[in-house]
Amino acid sequence: MEGDAPLNDSTMMLQYLDMLIKHGTFTRAAKELSISQPYLTQTIKKIETNLGKEIINREAKPLLLTEVGQLYYQYLTSIEIEQDHFFRKLSNMSYTDSKVISIGVLPTLGNFLLPKFLPDFSKKYPHIRIDIQERFPKINEDQALKENIDFFIGQNAETASPDLITKSSDIMSYVAIIPESSPLYLPEKKELSPNDLDIRDILRQPILLTSIGSVIRRQIDILLNLHNIIPDIILESSSIFTVTELARKGIGVTLAPQGIINMANDHFNLYPLDRDLISISYFIGYSNKKELTPEEADLVDFFINSISENFNHTKTN
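Residues numbered from 1 in each chain as written. Predicted model: local features only at pLDDT ≥ 70, side-chain atom pairs only at ≥ 80, totals over all residues. Heavy atoms only, no water.

Participant: For this particular structure, what's the right way to read the packing of aromatic side chains?
Facilitator: Both the distance between ring centres and the angle between the ring planes are used here to describe each pair of aromatic rings. Summed over the entire model, instances satisfying the criterion amount to eight aromatic pairs. Seen in terms of ring centroids, Phe152 and Phe283 are 5.5 Å apart; in terms of plane orientation they differ by 85°. Their pairing is edge-to-face. Of this pair, Phe152 sits in strand S5 (residues 151–155) while Phe283 sits in strand S13 (residues 282–287), placing them 131 residues apart in sequence. Classification of Phe152 as buried rests on a relative accessible area of 5%. (Phe/Tyr/Trp six-rings, centres within 6.5 Å; stacked < 30°, edge-to-face > 60°. Helix = DSSP H or I, 4+ residues; strand = E, 2+ residues; numbered from the N terminus. Buried < 20%, exposed > 50% of the residue type's maximum accessible area, 1.4 Å probe, protein only.)

Have a look at this one:
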């Protein structure tokens, strides 16, 4: 909802800046934020007026943070971390008889991964309270490094800070989802072989992609560059689950990790991609200064075993 500029709302301002950095334009950032472009522009200008300096380099294409903007971003991040640390301590004081384990995760990723291992963990340790911090990966990673949260869950451990100890699930392959509406669709079978189609033909189809800056999008962009293909992007979303569902319903093709796809009886093909070219895994990480309790070590095992088992089950069905 638009109203007075959220100048004192560090969470909202971080979200605005993250979207500007991700999309590179005020128009696209405002669209994903579900606010108007003039409102977003005015909000940034008010910040710049208060600071007496520009925080956005408008000459850069795409837009970039100025040196002052980078300093301001770090300031906002420090506020978020301190607020989370304070409220976590305050909350824990209400549970003096309970152990609390805090986990930082991107909201869309949490919806997918947390139900796969936390229920079983909670059954074994009913006295342990789980505190979920659903924020952007950069904030969660910073919190984990400072031990303000116990664990950080993310995608592809090679993207994480070297100061985190990470434990990863099995690698998951990607597939292309080819709906019945595509001229490449083969009606006689759902799961195709690499010989059935040429990946270059698939990449030239109208395509749905996750937003610029996401782990999955970066991997797909590398694949597109490898084949020297400029994609015909008809839709972008911050959620890979939205993208895959819309592809299944016929809007266009997409590429997605195999384990997240709803295999309901829609008419679409699944085309396997070379795992050496594109793949994904999920990790749970914690500060290399942190000593795990037996329960925390068990939570890591629950994560690795449950996620990997789920992916392996998906590959055999």
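After that view, the rundown keeps rolling.
Participant: How should the packing of helix H1 (residues 10–23) against helix H3 (residues 37–51) be read in this particular structure?
Facilitator: Packed helices, taken two at a time, are described by their axes: the angle between them and the distance between them. Where H1 contacts H3, the axes come no closer than 12 Å and their chain directions differ by 115°. Taken as axis vectors, H1 and H3 run roughly perpendicular relative to one another. The two elements H1 and H3 cross, and the hand of that crossing is left-handed. Across from Met13, Tyr16, Leu17 and Leu20 in H1, the residues of H3 making contact are Tyr39, Leu40, Thr43, Ile44 and Ile47. (Axes fitted to C-alpha atoms, helices over the stretch in contact; angles between N-to-C directions. Parallel < 35°, antiparallel > 145°, perpendicular 65-115°, else oblique. Left-handed = near helix turned anticlockwise from the far one by under 90°. Contact = heavy atoms within 4.5 Å.)

Participant: Looking at this structure, I do not really get unusual backbone geometry. What am I missing?
Facilitator: A cis geometry characterises the amide bond from Lys61 onward to Pro62, with omega recorded as 5°. Positionally, Pro62 belongs in the loop between strand S1 (56–57) and strand S2 (64–65). Residue Ser34 is not a glycine yet carries a positive backbone phi of 60°. Along the polypeptide, Ser34 turns up in the loop between helix H2 (26–33) and H3. On the accessibility criterion, Ser34 (62% relative accessible area) is exposed.

Participant: Is there a simple way to explain the pairing of strand S4 (residues 128–134) in this structure?
Facilitator: The side chains of a regular strand alternate between both faces of the sheet. Note that strand S3 (residues 99–105) and S4 share seven bridges and pair parallel. Following the sheet pairing, Ile101 is matched in S4 by Ile130. Considered for its hand, the β-α-β crossover made up of S3, helix H5 (residues 107–124) and S4 is right-handed. (Pairing = 2+ DSSP bridges. Right-handed = clockwise from strand over helix to strand, strands pointing away.)

Participant: What is the right way to look at the layout of surface pockets in this model?
Facilitator: If a probe as big as a water molecule is rolled over the atoms, it shows which places are left empty. Space inside the largest pocket adds up to approximately 1,300 Å³. Per-class residue counts for the lining of the largest pocket are 25 nonpolar, 13 polar and nine charged. (1 Å grid on protein atoms, 1.4 Å probe; cavity = no way out; pocket = protein on both sides within 12 Å on 5 of 7 lines; lining within 4 Å. Points joined across faces, edges and corners; volume = space filled by probe spheres on them. Nonpolar A, V, L, I, M, F, W, Y, C, P; charged D, E, K, R; others polar.)

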